[in-house]
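Descriptive structure summary
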Amino acid sequence: MKEELIIKAKEILEANFQEGGFTIPCQGLYPFQWKWDSGFIAIGLAYYNIKNAKREIETLLNAQWENGFIPHIVFHNDSDTYFPGADFHKSELHPLASKEYRSTGMAQPPVTGFVLQKMLNIAEDKEDMLQFIDTQIDKVFENHKYFYQHRDIHNEGLVYIYHNWESGTDNSPIWDDIWKTMDPPKYSFERRDTTHVDPSQRPSKREYDYYLHIIEIAKEHNYDDAKIAELSPFLVQDPLFNAMLIKSNAALIDLYEKLGNNKEKVSQLKKWQEKSIKGFNAKLYDAELGAYVHYDLRNNKPIRFISSSSFAPLYAGIPDMERAKQMVNTMMEKFGGEDKYLCASFDPTSDRFNPKKYWRGPVWINLNWILFYGLKSYGFTKIAERVKQDSIELVEKEGFYEYFDSRKEIRKTEAGGYGGNNFSWSAALLIDLINN
Ligand code: DGY
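Just so we're clear, the structure is a prediction, and the values are computed from it rather than from any experiment. (Residues numbered from 1 in each chain as written. Predicted model: local features only at pLDDT ≥ 70, side-chain atom pairs only at ≥ 80, totals over all residues. Heavy atoms only, no water.)

**Here we look at the nonpolar core**
Counting 155 residues, the largest nonpolar core has Phe40, Met119, Trp369 and Leu375 as its most contacted members. Per-element accounting of this core gives the leading share, 11 residues, to helix α12 (residues 239-259). For tryptophan 369, the contacting residues outside a window of four places in its chain are Phe40, Ile43, Phe114, Lys118, Tyr315, Leu429, Asp432 and Leu433. (Core = buried A, V, L, I, M, F, W, Y, C linked by side-chain atoms within 4.5 Å. Buried < 20%, exposed > 50% of the residue type's maximum accessible area, 1.4 Å probe, protein only. Helix = DSSP H or I, 4+ residues; strand = E, 2+ residues; numbered from the N terminus. Contact = heavy atoms within 4.5 Å.)

In structure tokens form, the structure reads like this:
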């Protein structure tokens, strides 16, 4: 059975691989290269097609801007099946944007550092992979430098995101209170996602107005970071995003040490790392909730809700053992009942939970992957194993969907796989989970 799943996963990755040397997340729904998707995809590819795994990283990093920024979508081709596309985002407004590739002007969780480390772990020919990493690693370092220089506005080791699409958890209920502070115009535009996927599983029209409005503000100021920090109605320190940066810092330190001759960069990374972990623990932990939470910089307050992002810091080794235990208790109490698959993307006990709607509740394979390794590294072996087995079972039962219903009982009457099917990172990360 596991062999069959791996064969199917490879078929999906092959079908989604494009001539330009990158993999689309999903046919129809997402026809370009997405930053964090690309990273997770490269991990799966590294098991059986090193050449394409490397190309995946190269094509992403080729689109880097001169200031170190790596965009969340690289528009390699013209496709009119996606909104909002290159003509809406207009990355060329930024003076340092790539002259070769059009892209968005926003980021996505910085996974590339730990992806390179993972590729080295998987590769059989370590020398060859290290040589490849040597050609790419400085670009990732420059990306981290961009974050610390431009997005840590209070000098506390925590970087901001200015758009929900930067978080990766696009329509999470975490953002609901921010939307209440905004009153964007009702834009007229043609959604394309809802022609591919049942609208009840996607963000609403009104939510898209908020999303577009923030981009309009950024565009008015040519994507200038300082202006965005001053004016964006959405300005958040996200525990998932910052945990990915911290995990990638650690990976870069390890890789630079293996490569040798990079003392200055290692010492810079160690400084960032120390400050970030300290700032993260001081500001983002909510002892009463027993989990890490988001912080709303624009409105100066913590956003006190628990999502799967709240547990991602385990993957970056951020909490001490005592906090890690509290977090696992919170997770098992709210998300881990026997009637549920781990791990819902939003607190199932909250009235904002919606088990079918994108990031408002469904289980996502990439977050499960992050939790699996995080739990394992703290010695929560049984729960880690459950996250892994639940992920495999969901894919086995439903197919390689984008997201899944966490409620076991609904399977008696309906299917529980939602969003796009033949989804690349579900395929890529399942290959890795089965192998670990
Ligand atoms: C979408 O279009 O929903 C994407 O997730 C944006 O990154």
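Resuming the write-up.
**What to know about the pattern of salt bridges**
Evaluation of the coordinates by the stated rule reveals 31 salt bridges. Between arginine 202 and aspartate 193 there is a salt bridge, and its shortest N-O distance comes to 2.7 Å. Aspartate 193 matches arginine 202 in its accessibility class, with the two residues each being buried. Between aspartate 405 and arginine 407 there is a salt bridge, and its shortest N-O distance comes to 2.9 Å. Accessibility expressed as a relative area gives 0% for aspartate 405, which makes it buried. Assessed through its relative accessible area of 25%, arginine 407 is described here as partly exposed. (Salt bridge = Lys/Arg side-chain N within 4 Å of Asp/Glu carboxyl O.)

**Points about the site of the ligand**
Taken together, the residues surrounding the ligand are Tyr30, Trp34, His72, Tyr82, Trp165, Asp170, Arg202 and Tyr358. Histidine 72 is positioned such that a nitrogen or oxygen atom in its side chain is 2.8 Å from an oxygen atom of the ligand. In the complex, the protein chains occlude 94% of the 230 Å² of accessible area that the ligand would expose alone. Considered class by class, the residues forming the shell around the ligand number five nonpolar, one polar and two charged. (Near = heavy atom within 4 Å. Polar contact = N/O pair within 3.5 Å; in protein donor to acceptor, adjacent residues only side chain to side chain. Areas by Shrake-Rupley, 256 points an atom, 1.4 Å probe, with all protein chains shown as cover. Nonpolar A, V, L, I, M, F, W, Y, C, P; charged D, E, K, R; others polar.)

**Re helix α10 (residues 205-220)**
Taking 1.5 Å of rise per residue, the 16 residues of α10 would be expected to cover 22 Å, and the 23 Å separating its terminal C-alpha atoms lies within 8% of that figure. If you check which residues of α10 are buried, you get Glu207, Tyr208, Asp209, Tyr210, Tyr211, Leu212, Ile214, Ile215, Ile217, Ala218 and Lys219. Contact partners of the buried residues in α10: α4 (86-89), α7 (164-167), α8 (176-180), α9 (193-196) and α11 (225-231). (Expected span 1.5 Å × (residues − 1).)

**A few points about the environment of asparagine 368**
Counting through the fold element by element, asparagine 368 comes out in helix α15 (residues 365-377). Classification of asparagine 368 by relative accessible area gives buried; the value is 1%. A sequence separation of 25 residues divides asparagine 368 from cysteine 343, and the C-alpha atoms of the two residues are 6.4 Å apart. Contacts of asparagine 368, omitting those with residues within four sequence positions, involve Leu342, Cys343, Val363, Val387 and Ser391.

**Quick word on the packing of aromatic side chains**
Within this structure, the stated rule accounts for 44 aromatic pairs. When the centroid spacing of 5.1 Å and the interplanar angle of 85° are considered together, the rings of phenylalanine 114 and tyrosine 315 count as edge-to-face. With phenylalanine 114 in helix α5 (residues 112-122) and tyrosine 315 in the loop between β8 (301-303) and α14 (321-335), this residue pair connects regions lying 201 residues apart in the sequence. Given the relative accessible area of 8%, tyrosine 315 is considered buried. Ring plane angle 90° and centroid distance 5.4 Å describe the contact between phenylalanine 423 and tryptophan 425, whose orientation is recorded as edge-to-face. Classification of phenylalanine 423 as buried rests on a relative accessible area of 2%. In this structure, arginine 202 packs its charged tip against the face of tyrosine 358, placed 4.4 Å from the ring centre. Here lysine 247 stacks its cationic end above the ring of tyrosine 315, 4.4 Å away from the centre of that ring. (Phe/Tyr/Trp six-rings, centres within 6.5 Å; stacked < 30°, edge-to-face > 60°. Lys NZ or Arg CZ within 6 Å of the ring centre and 35° of its normal.)

**Focus: the sheet that holds strand β3 (residues 102-103)**
In sheet architecture, strand pairing relies on hydrogen bonds along the backbone and comes in two forms, parallel and antiparallel. Judged by pairing direction, the sheet is antiparallel, and its three strands sit side by side in the order β1-β2-β3 without closing on themselves. This sheet does not close on itself; its edge strands, each paired only once, are β1 (33-34) and β3. With two bridges connecting them, strand β2 (residues 73-75) and β3 associate as antiparallel partners. Counted as the bridge partner of phenylalanine 75 is arginine 102 from β3. (Pairing = 2+ DSSP bridges.)

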